[in-house]
Amino acid sequence: MSSTSRKRKVVQRASPESEEELADGLLEGILSHSEDDSEEESESEHDEESDASSVIEGLSDEDEEEKDIESDEVPSDGEEDIREQLRKLRTGDSHSKRSQASGDQSWNGNAEDGLEDEEDSGRNYTVTTDANGNPRYIYKEIEPVYDSDDSDAPETTNTIGNIPLTYYDAYPHIGYDINGKKIMRPAKGEALDALLDSIDIPKGWTGLTDPATGKPLELSEEELDVLKKLTRNEVVEEGYNPYPEMVHYFSGKLEVMPLSAAPEPKRRFVPSKHEAKRVMKIVKAIREGRIQPYKPPPEDEEEELELPHYDLWADETPRPEHSMHIPAPKLPPPGYDQSYHPPPEYLPDPAEKAAWEQADEEDREKEYLPRDHEALRKVPGYERFVKEKFERCLDLYLAPRVRRNKLNIDPESLLPKLPSPEELKPFPTTCAAIFRGQEGRVRSVSIDPRGLFVASGGDDGYVRVWELLTGRQLWNAKLSDEDAVDAVRWRPNKDSAILAAAAGENIYLVVPFAILSPDVEQSSRDVLDAGWGYAASKPSTSTNGIAAKEPPARWSRPGPRLEGKGVLVQATVRSAVKVIHWHRRGDYFATVSPRGQSSAVAIHTLSKHLTQLPFRRLKGLAQSAQFHPSKPIFFVATKNSIRSYDLAKQELVKILQPGAKWISSFDVHPGGDNLIVGTYDKRLLWHDLDLSTKPYKTLRYHQQAIRAVAFHQGGMPLFADASDDGSLQIFHGKVVGDLMENATIVPLKVLKGHQVKSRLGVMDVVWHPREPWCVSAGADGTCRLWC
Amino acid sequence: MDPSIADTAKVQIRLSTREDGLEVPDDSRLLFAPTSLRRVDLSRLVNNLLHNDTPIPFEFLVNGQFLRTSIDEFLTQNGISAETTLNVEYTRAFIPSLHVSTFEHDDWVSAVDILSTSSPAGHWTGNYPQENTRILSASYDGLLRVWDTAGNVLATSSAPHNGGRITSLKSAKWLSDKKIAAAGMDGVVRVYSYDDSTRTLGDATLELYNHNWQVDNIAVHGPSHRILAASADTTISLFSSRAKENPAAPESLLPRSTAASNKRQKLSKPAHSAPARGALATLRSHTAPVSAVLFAPNDPTVAYSASLDHSLKTWDLPTSSVVETRATSHALLSMAALPTLNLVATGTSARHISLIDPRASATHIAVMTLRGHANAVVSLDTHPRSEYGLVSGSHDGTVRVWDVRSVRTATEGQGQVGESVFVIEREGVEKMRSHGEGVKVFDVRWEEETGIVSAGEDKKVQINRH
């Protein structure tokens, strides 16, 4: 054992204590294995070697094991064995024993026993007297047995005693030798490295000594190369070419065969008797059954020989095939023409052959050309084999394996069964009259409640009244020089004839007396005049409240010129009015001025000459407004939605979302439960108020924006829309009282006739109160009656 | 024509007619005719059989269809065997009328009427001289004009004044050779006196007030001095042309009744002398404007009225009650009676003419439908002699002549369908459009001597005669 092992021992001495600490305290469970070991040790050794246990513990694991084995035997065999053992130790491991004795005092007892034994057998010195008379020990010559040589035993032994080496950490030495000299700390790797770095190594230096010359061994370039090749497992020979030129073993040179020109000997043509004999022998053996012509190999052997295989699918139960399963496509059986020797009629004639060869590969009808071979052995290799197999694989891979259900339904049958338009007569089909005479666009049109007159208003600022059937202009009045007449609507009462017209911010109420008899005129005038007093008395109440605030509308007389024409009342609101809608009783009318922020929607009371603004603030741009045909409900259309408000309860009832980008107009069905909405994005939407806030039907038949929509208010199941593409469309829209049944909507007729002027077509459409007739207002300056 | 073929192919025909005085002798009714014969040949044959010195042009109806081709082709077209006996009915041909003259007006002409020997007014007058045939026209400018057949305006009425109201006339009729009744948009029926010797018309001699909306049509019965006015206020009034018979006019309808109207009235015209009267009876039953009214041809106490409420009503005038109501499916705009057939022809807004049996016992309401017009049929009149002839004026700008004997069974709906015999278009108009803008025909009359007189939006009265 070298000093390193001792050092190890010394270094490790401190650790057991710390280990124990850890084991006792924190890491009990983890370290259970080492504890057991120590317990075993303690159990086995406690009787005699309790003192030694601590030393043994300090040893490394390997030493421990050895010690364990030794110590196990010790108690069982008694003292003699120990002695024998010690004897062995002395001979084999004397140095270690000595080192142990020197290092550990507890070992002394045993050592003394050993010494006593030695004395028994004879001493290796003799005591004489020297010149001074003092006893002199003369030692015998040491027999130089192999084991006795301890020349390489370390001279210095650290004698610092049983203290941890860490005490010397701060010092350059690690202890003291027997002479009290400091044992210096051995050099470490770093120092060696530093030393090596400092030495300049010559080229080819190996650090070895040439045993022949005793000089340092240096290797030349070639030698290094050989070494390199050796490590790579290459041929180290000089001049070895790993890539020699190819030797043509089979040359094109013709050689004469056979080598001998001697004639064949006769025996080669005569049957061999010997062979015949052997054959007969075999034949006889076969006949007698001694030789089996074919002996099946024993199956057991084969099974043993074969690798064990496992059937993955052994337990699998066969599944029934999917009903839509398609088997892989089969190749058609080969025909006659694919035979190697086909009948002559299947062989192509030269023209066919040429045609086949000239044709593009994709255009060929057959991929092969029938060929005739005399014998099967003359059939050459099949050149298309790989390609054919590849294509077959592709076919299999791409072939559908599941039958897909193809819909074999006539698309016509999926369409809902709509009655034919012929059955839904009457509806307007032709233009019956043209109302001509306006300049510029006609923006609004209205038929009076009796169905006799048509009122129209347009860009020229005139409001005109026409005879319905003949198209005769009966009356007109110029309302405004600058503003167009955007809306005209007759008051829906038959006993009077009052026309509301809007031009700019002004709403005019007109009695066109020229077509009225005195009593009708008078009753109309009475209706209009009833409110004058009310407006005068009103301010007193309003001053109490918001005196400074401007009234939503100013009601006045329009002046003698217009009054002479029958225009009797003028109401001025804050911004331009685009839509007028009368309440069914004729006392209220609503106006919509899209640009007027808070005053966008106004409700006017005719009998009081009063204007109210029902909405303080309106979400979005107001487009149109209508009263419910029978209930106190008010509909307001903004750009994207239509809201209905209960006027009695003053609350929001419903918000309809037609999903349109920009609503242009809407109309309420006379039943009150359905709504049609026209949008600038070309759609006509039917809303069923009972169903949902989303449209029940969306009709998109126009090429351009829809400007106006109208329901027939006189009981006919008709509605119409007017579009910028210059056409009107008539629909059948039947609403049944039964809640279970939805409305039937049938497109009936496209009415064309209006011309498109500056991308505007038909501006307004209105139905006759009784008949299936409608009147449209066009941007081309005409109105048309359709019936 | 190959005579051999003409000889070989023959068909047996039986000649008959529904017109008096034109029957062929019994022995020659059944005869064999070559199938190559055409209408002209048959007409010549019938004239020969009748021994007419001046040949009368005949039309031949086979199974309700006019023969327009040879008999052979007709048989082939209709799939009739040549073995059968053909019932051939011959009628006096409606010879296509030619344009005779046009009377220019200042404004749209809404109504015309004729005073002649054979016209109703001439009948009532008795022995009205033929050379004094007068044509009355009523115009949208509110004026009545009396023309002679040469196209000269003999008299013009003065414009009525009614408190600034539009007085456009819608209907005008000769009551007798001296009296004219006219009504229009102001709802007033006015009676004018016309003196043919002095050729003066002047102011209205009587103003009849009962309507607060326009009067669309009037009917007159001369002998009983009765005037029926159909108005847009859904009522029909019965007036007498004699002022004294009528009660006082309702105050509220008079132009002076209201302040505003009175003011205008005074401004427009200071004095007004014509007596104002009310109605003898007001017939209320219609729910929509009444568009046409008619005295029953045989009984002046019975009247028919057609209305936009789709119904045709029969009235008993003495009791002012509805006798019968016939509902149709379209708005009715005009009416004419076919007394011998017990039918009333009505023009509808649905571009056709319905022949309606107004009798309570009738099982079919619409007996026959005459199709061909492209717009509302606003005027109807009967053939002056034949009870089967009919003339209609429509907003599509055409006048059509019909023979109700020419019928075929309708392919759709009930009843039978007829087609027009010929069409008269407005003179000087190249292309006719269905909406008839500018050429709408408002009124049409058919008189034996004068011919077909029609008035329209082109401000003209047009006379067509064969």
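Residues numbered from 1 in each chain as written. Chains lettered and ligands numbered in written order. Predicted model: local features only at pLDDT ≥ 70, side-chain atom pairs only at ≥ 80, totals over all residues. Heavy atoms only, no water.

The name given to chain B in an unreviewed UniProt entry is Ribosome biogenesis protein YTM1, with Sporormia fimetaria CBS 119925 as the source organism. Listed under Subunit (unreviewed entry) in UniProt, the entry text for chain B is "Component of the NOP7 complex, composed of ERB1, NOP7 and YTM1. Within the NOP7 complex ERB1 appears to interact directly with NOP7 and YTM1. The NOP7 complex also associates with the 66S pre-ribosome." (UniProt positions renumbered as here; feature names shortened; annotations may be inferred.)

Labelled according to an unreviewed UniProt entry, chain A appears under the name Ribosome biogenesis protein ERB1, originating from Sporormia fimetaria CBS 119925. Taken directly from UniProt, the Function (unreviewed entry) text for chain A runs: "Component of the NOP7 complex, which is required for maturation of the 25S and 5.8S ribosomal RNAs and formation of the 60S ribosome."

Q: What's the story with the sheet that holds strand S34 (residues 774-778) of chain A in this structure? I'm lost.
A: Adjacent strands of a sheet form backbone hydrogen bonds with each other and so pair up, either parallel or antiparallel. All names here are of chain A. With respect to topology, 4 strands assemble into an open sheet ordered S7-S35-S34-S33, the strand pairing being antiparallel. Each edge of the open sheet is held by one strand with a lone partner, namely strand S7 (431-436) and strand S33 (762-767). Direction aside, the axes of adjacent strands within the sheet are offset by 20 degrees on average. Relative to strand S35 (residues 782-786), S34 is paired through 4 bridges, and the arrangement is antiparallel. The residue of S35 that forms the bridge with Cys 774 is Trp 786. (Pairing = 2+ DSSP bridges. Helix = DSSP H or I, 4+ residues; strand = E, 2+ residues; numbered from the N terminus. Axes fitted to C-alpha atoms, helices over the stretch in contact; angles between N-to-C directions.)

Q: Looking at this structure, how should I read the confidence of the model for chain A?
A: Averaged over all residues, the pLDDT of chain A is 79; the fraction at 70 or higher stands at 80%. Across residues 92-120 of chain A, where pLDDT falls below 50, the model places 17 contacts with residues more than four positions away in sequence or in other chains. (pLDDT = per-residue confidence, 0-100. Contact = heavy atoms within 4.5 Å.)

Q: Would you take a moment to explain the pattern of salt bridges for this structure?
A: Note on pairing: side chains with opposite charge can pair once their charged atoms come close. All names here are of chain A. What the rule picks out here adds up to 41 salt bridges over all chains. Residue Arg 443 pairs with Asp 486 through a salt bridge whose shortest N-O separation is 3.5 Å. Remark: Asp 486 occurs in strand S12 (residues 485-490) and Arg 443 occurs in strand S8 (residues 442-447); sequence separation between them is 43 residues. Take Arg 443: its relative accessible area is 26%, and that puts it in the partly exposed class. What emerges from the salt-bridge pattern is a single network uniting Arg 441, Arg 443, Asp 459, Asp 486 and Lys 578. (Salt bridge = Lys/Arg side-chain N within 4 Å of Asp/Glu carboxyl O. Buried < 20%, exposed > 50% of the residue type's maximum accessible area, 1.4 Å probe, protein only.)

Q: I would appreciate a short explanation of the pairing of strand S30 (residues 718-723) of chain A in the present structure.
A: Taken residue by residue, a regular strand's side chains alternate between the two faces of the sheet. Residues and elements named next belong to chain A. With 6 of its 6 residues buried, S30 lies for the most part within the structure. Alternating residues of S30 divide into Leu 718, Ala 720 and Ala 722 and Phe 719, Asp 721 and Ser 723, and every residue in both groups is buried. Counting the residues that bridge the hairpin from S30 to strand S31 (residues 727-734) gives 3 residues, and of these Gly 726 lies at a positive phi of roughly 85 degrees.

Q: Mind showing me how you'd approach the interface of chain A and chain B here?
A: Bring the parts together and some accessible area is lost; that lost area is often taken as the interface size. In this complex, chain A contributes 34 residues to the contact, which on the side of chain B involves 41 residues. Interface of chain A and chain B: buried area, both sides summed, is about 3,200 Å²; carbon and sulfur atoms make up 54% of it. Among the salt bridges present, the one from A:Glu521 reaches B:Arg165, with a minimum N-O distance of 2.7 Å. Along the contact surface separating chain A from chain B lie 16 residue pairs in polar contact (both at pLDDT 80 or more). Elements with a contribution of two residues or more to the side of chain A that touches chain B: S7 and helix H15 (518-529) of chain A. Ranked by the residues each element gives to the side of chain A that touches chain B, the list is headed by H15(A), at 6 residues. Grouping the constituent residues of the side of chain A that touches chain B by class yields 17 nonpolar, 6 polar and 11 charged. (Buried area = accessible area lost by both parts, 1.4 Å probe. Polar contact = N/O pair within 3.5 Å; in protein donor to acceptor, adjacent residues only side chain to side chain. Nonpolar A, V, L, I, M, F, W, Y, C, P; charged D, E, K, R; others polar.)

Q: Is there a simple way to think about the sheet that holds strand S18 (residues 276-277) of chain B in this case?
A: All names here are of chain B. As summarised here, the arrangement of the 5 strands in space is S11-S12-S13-S14-S18, forming an open sheet in which the pairing is mixed. One side of each edge strand has no neighbouring strand; the edge strands of this open sheet are strand S11 (169-174) and S18. The sheet contact formed by strand S12 (residues 179-184) and strand S13 (residues 188-193) spans 5 bridges and is antiparallel. Bridge pairing in S13 places Ala 181 opposite Val 191.

Q: Please clarify how the environment of B:Gly397 should be interpreted in this entry.
A: Residues and elements named next belong to chain B. Topologically, Gly 397 is positioned in the loop between strand S29 (389-394) and strand S30 (398-409). C-alpha separation for the pair Gly 397 and Arg 426, spaced 29 residues apart in sequence, amounts to 6.4 Å. Look past the residues within four positions of Gly 397 in its chain and what remains in contact with it is Ile 424, Glu 425, Arg 426, Met 432, Val 439, Lys 440 and Val 441.

Q: Looking at this model, I keep getting lost on helix H3 (residues 71-78) of chain B. Mind explaining?
A: Three or four residues apart is the spacing at which side chains of an α-helix point the same way, because the helix has 3.6 residues per turn. Residue and element names in this part refer to chain B. Here H3 has its buried residues at Ile 71, Phe 74 and Leu 75. The arc that holds every buried residue of H3, seen down its axis, measures 100 degrees, which confines them to one face. Of the residues in H3, the exposed ones pointing more than 90 degrees away from the buried face are Thr 76 and Gln 77. Each element contacted by the buried residues of H3 is listed here: strand S1 (10-16), strand S2 (30-34), helix H2 (39-50), strand S3 (58-62), strand S4 (65-66) and strand S5 (86-92). (Arc of directions from axis to C-beta.)

Q: Which parts of the structure should I look at to understand the side chain of B:Glu457?
A: Its location among the elements puts B:Glu457 in the loop between strand S33 (451-456) and strand S34 (460-465). Its relative accessible area of 9% is what places B:Glu457 among the buried residues. Here the side chain of B:Glu457 touches B:Gly438 through a polar contact of 3.1 Å, landing on its backbone nitrogen. Discounting chain neighbours no more than four positions away, the residues touching B:Glu457 are A:Thr470, B:Trp108, B:Gly436, B:Glu437, B:Gly438, B:Val439, B:Lys440 and B:Phe442.

Q: What is the right way to look at a nonpolar patch on the surface in this model?
A: A cluster of nonpolar side chains, A:Leu224, A:Val226, A:Leu227, A:Leu230 and A:Val236, forms an exposed patch at the surface whose accessible area comes to about 380 Å². Relative to the assigned elements, A:Val236 resides in the loop between helix H9 (221-231) and helix H10 (273-288). (Patch = residues over 30% accessible without salt bridge, like charges linked within 9 Å, V, L, I, M, F, W, Y side chains within 5 Å. Areas by Shrake-Rupley, 256 points an atom, 1.4 Å probe, with all protein chains shown as cover.)

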